[in-house]
Amino acid sequence: DAKTTQPPSMDCAEGRAANLPCNHSTISGNEYVYWYRQIHSQGPQYIIHGLKNNETNEMASLIITEDRKSSTLILPHATLRDTAVYYCIVSSAVGAGNNRKLIWGLGTSLAVNP
Amino acid sequence: GAVVSQHPSWVICKSGTSVKIECRSLDFQATTMFWYRQFPKQSLMLMATSNEGSKATYEQGVEKDKFLINHASLTLSTLTVTSAHPEDSSFYICSALRSGAHTQYFGPGTRLTVL
């Protein structure tokens, strides 16, 4: 079973920030938080990951709470092309292949509206 | 960087035939590759983990004799669906992980339809 909980769907107006929450209350010390998204009928696309510090890249920002039990993915200026299912996953970042597997929940279906 | 390709992107086959799907990491060496399948309106389900040069590790409920995985090189893994049946129709996706790296990169997926 997935170790994360996300709202099933969200809406966002084009040009506004999209804030996608994720709960991962059972996260362990060596597990990272990863965010991927999947546009319809395509393979997932990596967005960002973090351990405990906030992270930012060209796509998004990741805010992780101090207790690491939840996080928020922020798309600062959402566009129509950001419409996708967003997945929050926790997984170990060390060890052999089988320790690195990603268990996928149902994610959040984000609709960016004009 | 970190591009993963899959071939073919879609395939239609008759029931009882076998289908091979290739997954290639184009610009990095992948010590580990993962195979997933996804049914309509569902999430990705991990089928197996494949390490270069060794046997794949299959998830519970996935038949290893039906879904043959070969990871013969650091840039290529193949999934063969043997004796395919209509219930095997699905979207098959691979991902690749570089040694020492954090992130899995995904291929574009292969849509399999078994008639």
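Structure: above.
The sections below set out a description of the structure shown in this document. Because the structure is predicted, anything quoted here is derived from the model rather than measured.

**Here's the deal with the pattern of salt bridges**
So, point 1. Evaluated as defined, the whole model comprises five salt bridges over all chains.
So, point 2. The residue A:Arg37 makes a salt bridge to A:Asp82 at a minimum N-O spacing of 2.8 Å. Placement of A:Arg37 in strand β3 (residues 31–38) and of A:Asp82 in the loop between β7 (70–75) and β8 (84–92) is noted, with a sequence separation of 45 residues between them. Each member of the pair, A:Arg37 as well as A:Asp82, is classed as buried.
So, point 3. Note that B:Glu22 is salt-bridged to B:Arg24, the shortest N-O span being 3.4 Å.

**Notes on the interface of chain B and chain A**
So, point 1. On the side of chain A, 20 residues touch chain B, which itself brings 23 residues to the contact.
So, point 2. Together, the buried faces of chain B and chain A total about 1700 Å²; carbon and sulfur atoms form 53% of this surface.
So, point 3. Counting the surface chain B buries against chain A, the share from its top three residues, B:Ser43, B:His102 and B:Phe106, is 31%.
So, point 4. With a closest N to O distance of 3.1 Å, A:Lys101 and B:Glu59 form a salt bridge.
So, point 5. Viewed at the interface, chain A and chain B are joined by five residue pairs in polar contact (both at pLDDT 80 or more).
So, point 6. Sorting the residues of the side of chain B that touches chain A by element identifies β4 (30–38), β5 (45–51), β9 (90–98) and β10 (104–106) of chain B as the ones contributing at least two each.
So, point 7. No other element matches the four residues that β4(B) contributes to the side of chain B that touches chain A.
So, point 8. By residue class, the composition of the side of chain B that touches chain A is 11 nonpolar, 10 polar and two charged.

Reading guide: rules and limits
Residues numbered from 1 in each chain as written. Chains lettered and ligands numbered in written order. Predicted model: local features only at pLDDT ≥ 70, side-chain atom pairs only at ≥ 80, totals over all residues. Heavy atoms only, no water. Salt bridge = Lys/Arg side-chain N within 4 Å of Asp/Glu carboxyl O. Helix = DSSP H or I, 4+ residues; strand = E, 2+ residues; numbered from the N terminus. Buried < 20%, exposed > 50% of the residue type's maximum accessible area, 1.4 Å probe, protein only. Contact = heavy atoms within 4.5 Å. Buried area = accessible area lost by both parts, 1.4 Å probe. Polar contact = N/O pair within 3.5 Å; in protein donor to acceptor, adjacent residues only side chain to side chain. Nonpolar A, V, L, I, M, F, W, Y, C, P; charged D, E, K, R; others polar.

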